[in-house]
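Each chain, letter by letter, is given below.
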Amino acid sequence: MEKRRIALVGAPVALGASRPGCAMGPEAMRIAGLAEALAELGHEVSDHGDVAPMRADDVSLEGHARHAAHIAGWARALDEAAYGLLKDGRLPIFMGGDHALAMGTVSGAARHAHEQGRPLCVLWLDAHADFNTPTTSESGNMHGMPVAFYCGEAGFEGILPAGRPTVAPRNVFMIGIRSVDARERELIAARGVRVFDMRAIDEFGVAAIVRRILAEVERIGAMLHVSLDVDFLDPTIAPGVGTAVGGGANLREAHLIMEMLCESGLTSSMDIAELNPYLDERGRSARLLADLAASLFGRQVLDKVSTLATVKGLQNAA
């Protein structure tokens, strides 16, 4: 795999969720050895510390959006961080922090992609669709709104400049979805977001789904932002999350996705969101996330050529 210039960035966003604890996520990822794991693979890794939110006192949203000005401040800061690092030729990994962070990280990536004359695709690995708006959300928690925001839905005016580059809903690929509100379901269908829920994984297998997505990303010449929420994983293997939903991806499925992403070489930026160390078991979830990131950037037991040669040898022997 091509060696990358990887920038680790802490995004301790916490008020987008209802349960406290996500602000500790970035430090937990550092303690879990994310930087060391990536450096061992030969990548140039730099830790840029934690982003701080900008002032956004001018933001007041209609409807139900808790801590809107505060989250808007994070969106502005993370938009600038993502855009700046990508423009500098780095591959940013944003360590969260709740998933409201993607309002800024994906927006910054979309801005950079637009300047490059390329579309941006988003691989959304999550139990939730996060396509609510302030007028559809029942809870008002803004970690349930980032996809609607970066796809340009109405109701978020003033957070980022009008006319900003957004992500075409058809270029959002959701895997692992298993908890969607009724209004979200209607919006997703109307906008054409491409969703592969857990039934699709059970029915078709994760490899076939990811292969299809990567082929589409490559076909349209897009940049690819990968946004991984801890609750994409089954809570039996990743308990450190405040929005756990049973029946999630297992360890092998998650690693396979990362390995296929690695082989494609298409990933240009990444989020690791919703890690809540307060709810974790002795850093179990943080270590798993560090392992998954390492798989995305080249860690493997044997190279694929050796594995295929072994399989072929067994077939010939039979």
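Above this text sits the structure in question.
An account of the accompanying structure is given in this report. Note that the structure is a prediction, hence the values are computed from the model and not measured.

## Here we look at the overall build of the chain
A count of helices and strands for the chain gives eleven helices and eight strands. Scaling as 2.2 N^0.38, a compact globule of 318 residues should have a C-alpha radius of gyration of about 20 Å, and the chain matches this with 19 Å. Across its three principal directions, the C-alpha atoms of the chain cover 70 × 45 × 40 Å. The burial tally for the chain puts 56% of its 318 residues in the buried class. Residue pairs at least 24 apart in sequence account for 75% of intrachain contacts in the chain once pairs closer than 6 positions are excluded. As displayed, the chain has an accessible area near 13,400 Å², and 51% of this comes from carbon and sulfur atoms. A distance of 4 Å separates the average location of the 30 positive side-chain charges in the chain from that of its 40 negative side-chain charges.

## Quick word on the pattern of salt bridges
Side chains bearing opposite charge may pair, as long as their charged atoms lie close to each other. This structure, assessed with the given rule, holds 19 salt bridges. Notably, a salt bridge pairs Arg30 with Asp50, separated by 2.9 Å at the nearest N-O pair. Here Asp50 lies in strand S2 (residues 44-50) and Arg30 lies in helix H1 (residues 25-31), a separation of 20 residues in the sequence. Residue classification places Asp50 among the partly exposed residues on the basis of a relative accessible area of 44%. The partner of Arg111 in a salt bridge is Glu80, with the nearest N and O atoms 3.2 Å apart. Of this pair, Arg111 sits in helix H4 (residues 102-115) while Glu80 sits in helix H3 (residues 68-87), and the two are 31 residues apart along the sequence. Look at the salt bridges and you will find they share partners, linking Arg5, Glu44, Asp88 and Arg90 into a network.

## Section: the environment of Glu62
Its location among the elements puts Glu62 in the loop between S2 and H3. The exposure class of Glu62 is exposed, given its relative accessible area of 70%. Sequence-wise, Glu62 and Ala129 are 67 residues apart; in three dimensions their C-alpha atoms are separated by 22 Å. Not counting the four nearest positions on each side in its chain, Glu62 is found in contact with Pro134 and Thr135.

Criteria and cut-off values
- Residues numbered from 1 in each chain as written.
- Predicted model: local features only at pLDDT ≥ 70, side-chain atom pairs only at ≥ 80, totals over all residues.
- Heavy atoms only, no water.
- Helix = DSSP H or I, 4+ residues; strand = E, 2+ residues; numbered from the N terminus.
- Rg over C-alpha atoms; globule rule 2.2 N^0.38 Å.
- Buried < 20%, exposed > 50% of the residue type's maximum accessible area, 1.4 Å probe, protein only.
- Contact = heavy atoms within 4.5 Å.
- Areas by Shrake-Rupley, 256 points an atom, 1.4 Å probe, with all protein chains shown as cover.
- Lys, Arg positive; Asp, Glu negative; His and termini not counted.
- Charge placed at Lys NZ, Arg CZ, Asp CG, Glu CD.
- Salt bridge = Lys/Arg side-chain N within 4 Å of Asp/Glu carboxyl O.

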